[in-house]
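What the coordinates show
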Amino acid sequence: MIAHLLDSKVPSVELTNLYPYCDYEMKVCAYGAQGEGPYSSPVSCRTHQEVPSEPGRLAFNVVSSTVTQLSWAEPAETNGEITAYEVCYGLVNEDNPPSHSLDLLCRTLKAFILVSG
């Protein structure tokens, strides 16, 4: 455990700048005129989840005239459990934003096949 010391005159403190979805262990000791007292028993907690960073290493493999295989790496900072990926795709045209969207549950493979039709 890496100790971060906070000076508090009251029996409460707010810990800030913690990492999302991480386990932390905390313990407290009191100081008096004679010095440091014993530490409390440690307690553990997990911070809340946060949105993940973007997936990395997007790559494709053209399988046929109507099929492309797309794959990617898990986000560098998952900040929790990844429950789904959304894939948007469409024709390349300035007047045409991505026209299709696929929601993929995390349990599916990270490499899958898009079939036009």
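Our subject is the structure that appears above.
What you are looking at is a predicted structure, and each value in this text was computed from that prediction instead of being measured. (Residues numbered from 1 in each chain as written. Predicted model: local features only at pLDDT ≥ 70, side-chain atom pairs only at ≥ 80, totals over all residues. Heavy atoms only, no water.)

Observations regarding the pattern of salt bridges
Across all of its chains, the model carries one salt bridge by this definition. A salt bridge links R46 to D23; the nearest nitrogen and oxygen atoms lie 2.9 Å apart. Of this pair, R46 sits in strand β4 (residues 43-46) while D23 is found in strand β1 (residues 23-26), placing the two residues 23 residues apart along the sequence. Taking the relative accessible area as the measure of exposure, D23 reaches 55% and is therefore exposed. (Salt bridge = Lys/Arg side-chain N within 4 Å of Asp/Glu carboxyl O. Helix = DSSP H or I, 4+ residues; strand = E, 2+ residues; numbered from the N terminus. Buried < 20%, exposed > 50% of the residue type's maximum accessible area, 1.4 Å probe, protein only.)

Topic: the environment of N61
In this structure, N61 sits in strand β5 (residues 56-62). A C-alpha to C-alpha distance of 8.6 Å links N61 and S71, two positions 10 residues apart in sequence. Apart from residues lying up to four places away in sequence, N61 is in contact with T68 and Q69. (Contact = heavy atoms within 4.5 Å.)

A look at unusual backbone geometry
Positive phi outside glycine occurs at Y21, with the angle close to 50 degrees. Structurally, Y21 can be placed in the segment before β1. One non-glycine residue, R57, adopts positive backbone phi at about 50 degrees. Relative to the elements of secondary structure, R57 occurs in strand β5.

Considerations on the pairing of β5
Among the seven residues in β5, zero count as buried, and that is only a small part of the element. Sheet topology places β5 next to strand β6 (residues 67-73); five bridges connect them, and they run antiparallel. Looking across to β6, one finds that N61 is bridged to Q69. (Pairing = 2+ DSSP bridges.)

Considering the packing of aromatic side chains
Summed over all chains, the structure comprises one aromatic pair. A ring pair is formed by W72 and Y85, whose centres lie 5.2 Å apart and whose planes are at 65 degrees; its orientation type is edge-to-face. You can see W72 sitting in strand β6 and its partner Y85 sitting in strand β7 (residues 84-89), a full 13 residues away along the chain. Overall, Y85 belongs to the buried group, its relative accessible area being 10%. The ring of Y39 has K27 lying over it, and the distance from NZ or CZ to the ring centre is 4.9 Å. The ring of Y21 carries the charged tip of R46 above its face, separated from the ring centre by 4.7 Å. (Phe/Tyr/Trp six-rings, centres within 6.5 Å; stacked < 30°, edge-to-face > 60°. Lys NZ or Arg CZ within 6 Å of the ring centre and 35° of its normal.)

Quick word on the environment of E81
Tracing the chain through its elements places E81 in the loop between β6 and β7. Judged by its relative accessible area of 55%, E81 is exposed. Along the backbone, E81 and P52 are 29 residues apart, and their C-alpha atoms lie at a distance of 8.7 Å. Sequence-distant contacts of E81, that is, excluding residues within four places in its chain, are made with Y21 and Q49. Reaching out from E81, the side chain makes a polar contact with the side chain of Y21 at a distance of 3.0 Å. (Polar contact = N/O pair within 3.5 Å; in protein donor to acceptor, adjacent residues only side chain to side chain.)

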